[in-house]
Amino acid sequence: MEKRIQIDVLEPEAYKAMYALEKYLGTTKLTNTHKELIKIRASQINSCAFCIDMHTKDALKYGETQQRIFLISAWRETDLFSEEEKVILQITEEVTLIHQKGLSSEVYKKALQFFDENYLAQIIMAITTINAWNRIAVSTHKPF
C-alpha cells in the first residue's frame, strides 16, 4: 500500500477535535458493547482495516465473544444479538450508508421503543464519529 500523509502529524488540531468527540462518547451512557458493535459494523461497511482491527480487539477486552464478533456482518441471520443490539446495528448501517435512504422512519421509531431520545442521540453521535475516523484512516491508508 502506498505511503500517504499523516493527518495527525500535519494537522494536530484536527486530530484534537476528533479526540474531543471520542472523549465526549466516553462520558455518555452508551455501553461498551453498544459502542464496539457500532464501531465494528461501520468499519466493516467502510472497509477500514485499521479500525476493524482496533475495535475487534477492544471488544474482546470488554468481554465480547469471538463468535459474536465474527457474526456482526451477518447479524440478521443469527439470534446471538438482542433485539436492541439489532436495532443499533440497523441504525449503524442506515446512517453509515446515508446516501441510500438515510435513517428510515421505521428504524427510528423502533429505536425509540428501546432507547430514550438522549441515548438515541448518543448512538447517532457514535456512528457519526466512527464514520469520520474510518474516512480518515481509509483515505490516508493508515497502517495497523
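Residues numbered from 1 in each chain as written. Predicted model: local features only at pLDDT ≥ 70, side-chain atom pairs only at ≥ 80, totals over all residues. Heavy atoms only, no water.

Looking at an unreviewed UniProt entry, one finds the chain named Carboxymuconolactone decarboxylase family protein, with Joostella atrarenae as its source organism.

**Student:** An account of the overall build of the chain is requested, with residue identities and associated values reported.
**Tutor:** Check the secondary structure of the chain and you find 8 helices and 0 strands. Reading the chain from its N terminus to its C terminus gives the helix and strand order α-α-α-α-α-α-α-α. For the chain, whose C-alpha radius of gyration is 15 Å, the value lies close to the compact-globule estimate of 15 Å for 144 residues. Principal-axis analysis of the C-alpha atoms gives the chain an extent of 45 × 30 × 30 Å. Of the roughly 8,400 Å² of accessible surface on the chain, 55% is carried by carbon and sulfur atoms. Mean positive and mean negative side-chain charge positions of the chain (18 and 19 charges, respectively) differ by 3 Å. (Helix = DSSP H or I, 4+ residues; strand = E, 2+ residues; numbered from the N terminus. Rg over C-alpha atoms; globule rule 2.2 N^0.38 Å. Areas by Shrake-Rupley, 256 points an atom, 1.4 Å probe, with all protein chains shown as cover. Lys, Arg positive; Asp, Glu negative; His and termini not counted. Charge placed at Lys NZ, Arg CZ, Asp CG, Glu CD.)

**Student:** Let's hear about the UniProt feature "domain: Carboxymuconolactone decarboxylase-like" (unreviewed entry) in the chain: which residues, and what values?
**Tutor:** Those places that UniProt annotates as "domain: Carboxymuconolactone decarboxylase-like" (unreviewed entry) correspond, in this numbering, to residues 12-94. In residues 12-94, helix accounts for 71% and strand for 0%; the two terminal C-alpha atoms are 31 Å from one another. (UniProt positions renumbered as here; feature names shortened; annotations may be inferred.)

**Student:** Give me the lowdown on the side chain of Thr78, citing residues and values where you can.
**Tutor:** Examined against the element boundaries, Thr78 turns out to sit in the loop between α5 (66-70) and α6 (83-96). The class for Thr78 is buried, based on a relative accessible area of 14%. At 3.1 Å, the side chain of Thr78 and the backbone nitrogen of Leu80 are in polar contact. Ignoring sequence-local partners within four residues, the contact set of Thr78 consists of Leu71 and Lys86. (Buried < 20%, exposed > 50% of the residue type's maximum accessible area, 1.4 Å probe, protein only. Polar contact = N/O pair within 3.5 Å; in protein donor to acceptor, adjacent residues only side chain to side chain. Contact = heavy atoms within 4.5 Å.)

**Student:** Help me get a handle on the pattern of salt bridges, residues and values and all.
**Tutor:** All chains considered together, the criterion is met by 10 salt bridges. Across the pair Glu85 and Arg68 runs a salt bridge, and its minimum N-O distance is 2.9 Å. Linking Glu85 in helix α6 with Arg68 in helix α5, this pair joins segments that are 17 residues apart in sequence. Here Arg68 falls in the buried class, since its relative accessible area comes to 12%. A single network of salt bridges, built from pairs that share partners, joins Arg41, Arg76 and Glu93. (Salt bridge = Lys/Arg side-chain N within 4 Å of Asp/Glu carboxyl O.)

**Student:** Give a description of helix α4 (residues 49-61) that names residues and reports values.
**Tutor:** Across its 13 residues, α4 extends 18 Å between first and last C-alpha, which sits within 8% of the 18 Å expected from 1.5 Å per residue. Here α4 has its buried residues at Phe50, Cys51, His55, Thr56, Asp58 and Ala59. Directly beyond the C-terminal end of α4, a positive phi value near 100 degrees is found at Gly63. (Expected span 1.5 Å × (residues − 1).)

**Student:** Pulling in residues and values, what's your account of the nonpolar core?
**Tutor:** Among the nonpolar cores identified, the biggest contains 25 residues, and Ile38, Ile91, Phe115 and Ile123 are the most heavily contacted of them. Elements that contribute at least two residues to this core include exactly α2 (12-26), α3 (32-45), α4, α6, α7 (105-114) and α8 (117-139). When near neighbours in sequence (up to four residues on either side) are disregarded, Ile91 contacts Leu103, Val107, Ala111, Leu120, Ile123 and Ile127. Within the second largest apolar cluster, 8 residues are counted, among which are Leu37, Ala59, Trp75 and Leu89. (Core = buried A, V, L, I, M, F, W, Y, C linked by side-chain atoms within 4.5 Å.)

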